[in-house]
Amino acid sequence: MTQHFIVIGNPIAHSKSPQIHTLFAAQVGIDIRYQRQYCPDDEASFTAVIEAFFCGGGVGANVTVPFKQVAYDCCVARGGLSEHAKVAGAVNTLLLNKALLNQGVPVTEAIYGDNTDGQGLVNHMTSLKWPLKGARVALIGAGGAARGIILPLIESGIAALTIANRTVSKATNLVNELSAASPTVNEQQIETCRTAELDGQFDIIINATSIGLSDDTLPISTELNCHYAYDLMYGRPLPFLQHFAARGAQTSDGYGMLIGQAALSFERWTGHRIDVIQATEELNKE
Ligand code: ATR
């Protein structure tokens, strides 16, 4: 029987998720239909769309900009949240909570939220053989994208984390909030500073700002160095990566993270594990 999936966003026409999940399904030999779902940018419309989808027999949904926080709020009031979604304050993966359904809870009240973005990043870095365990990591940015990757990064066994942001108070507030929400984050020593003041040698530097969407460039200290540089953006030239590549670092954009988070969503929904390296090679050929 065909299993149905959607990705909900606004705009949504550019989404690569249908292509990625269709390839995953072919890899493991199951029959799926994965569609883009446009939704007006308001909470009532989002709720109506997901309720109609799951009541109509849909198996799973991905959530993208601008609905990740709205999806979080929906799940708090309904089927619950995974630890990663709770700490991220955002949901990118929706499914039905089977335990609640078995207790007779109606479908609309059993919609459950997970967040696979951060673990997708960690899995991608691991597949690139970047040494996360014991690494000194600098994270630039303190918005939604940064927030979603902090717990999975700490769980991967990094030794030290510095969070730099243009507005340093946002970084400090983020650390305080996440430390209160998660004992794992609370146990990690995390420093904060202004982006322009971030300097010294790190193993890994991650750009989680939205600067790649603008013509601005990050103010990077000439005293800042790393072995590995990762930008969560993809699909455009990234001056952040060019800067560190010129200084001898290995670099990666966020396309592998996109595939990594999709593979984890797919696994939650279908129980099938994806060979992400093979899938990435095939997607790059398309
Ligand atoms: P996202 O969900 O993509 O993280 P966001 O929550 O709006 O988007 O966060 C954007 C991040 O990019 C923030 O860390 C922001 O810095 P501020 O908190 O100081 O606003 C950072 N950012 C965006 N444009 C930037 C710029 N031109 N220079 C430096 N940082 C920038």
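Everything discussed here concerns the structure shown above.
These notes cover the structure that comes with them. Quantities reported herein were computed from a predicted structural model and do not represent experimental measurements.

The next subject is the sheet that holds strand 9 (residues 200-207). Read across the sheet, six strands follow the order 8-7-6-9-10-11 without closing on themselves; strand pairing throughout is parallel. Either end of the sheet is taken by a strand with one partner, and the two such strands are strand 8 (190-194) and strand 11 (250-252). Adjacent strand axes in the sheet meet at a mean angle of 25° when their direction is disregarded. Note: strand 9 against strand 10 (residues 224-231), seven bridges, orientation parallel. Looking at the pairing, glycine 200 lines up with leucine 224 of strand 10. Against the sheet, helix 10 (residues 239-246) touches strand 6 (136-140), strand 9, strand 10 and strand 11, its axis set at about 140° to strand 10.

The subject of this paragraph is a negative patch on the surface. There is a patch of like negative charges on the surface, built from Asp41, Asp42, Glu43 and Asp73. The residue aspartate 42 is located in the loop between strand 2 (32-38) and helix 2 (43-55) in this model.

In terms of nonpolar packing, the biggest core is built from 32 residues, with Leu139, Ile149, Leu161, Ile204 and Ile206 touching the most fellow members. Secondary-structure elements contributing two or more residues to this core are helix 6 (117-127), strand 6, helix 7 (144-155), strand 7 (160-165), helix 8 (168-181), strand 9 and strand 10. The element best represented in this core is helix 7, accounting for six residues. The residues touching isoleucine 204, leaving out its near neighbours within four places in the chain, are Met125, Trp130, Pro131, Leu132, Ala135, Arg136, Val137, Ala138 and Tyr228. By size, the runner-up hydrophobic cluster in this structure holds 22 residues, among which are Ile6, Phe67, Val91 and Leu94.

Quick notes on the rules
Residues numbered from 1 in each chain as written. Predicted model: local features only at pLDDT ≥ 70, side-chain atom pairs only at ≥ 80, totals over all residues. Heavy atoms only, no water. Pairing = 2+ DSSP bridges. Helix = DSSP H or I, 4+ residues; strand = E, 2+ residues; numbered from the N terminus. Axes fitted to C-alpha atoms, helices over the stretch in contact; angles between N-to-C directions. Contact = heavy atoms within 4.5 Å. Patch = residues over 30% accessible without salt bridge, like charges linked within 9 Å, V, L, I, M, F, W, Y side chains within 5 Å. Areas by Shrake-Rupley, 256 points an atom, 1.4 Å probe, with all protein chains shown as cover. Salt bridge = Lys/Arg side-chain N within 4 Å of Asp/Glu carboxyl O. Lys, Arg positive; Asp, Glu negative; His and termini not counted. Charge placed at Lys NZ, Arg CZ, Asp CG, Glu CD. Core = buried A, V, L, I, M, F, W, Y, C linked by side-chain atoms within 4.5 Å. Buried < 20%, exposed > 50% of the residue type's maximum accessible area, 1.4 Å probe, protein only.

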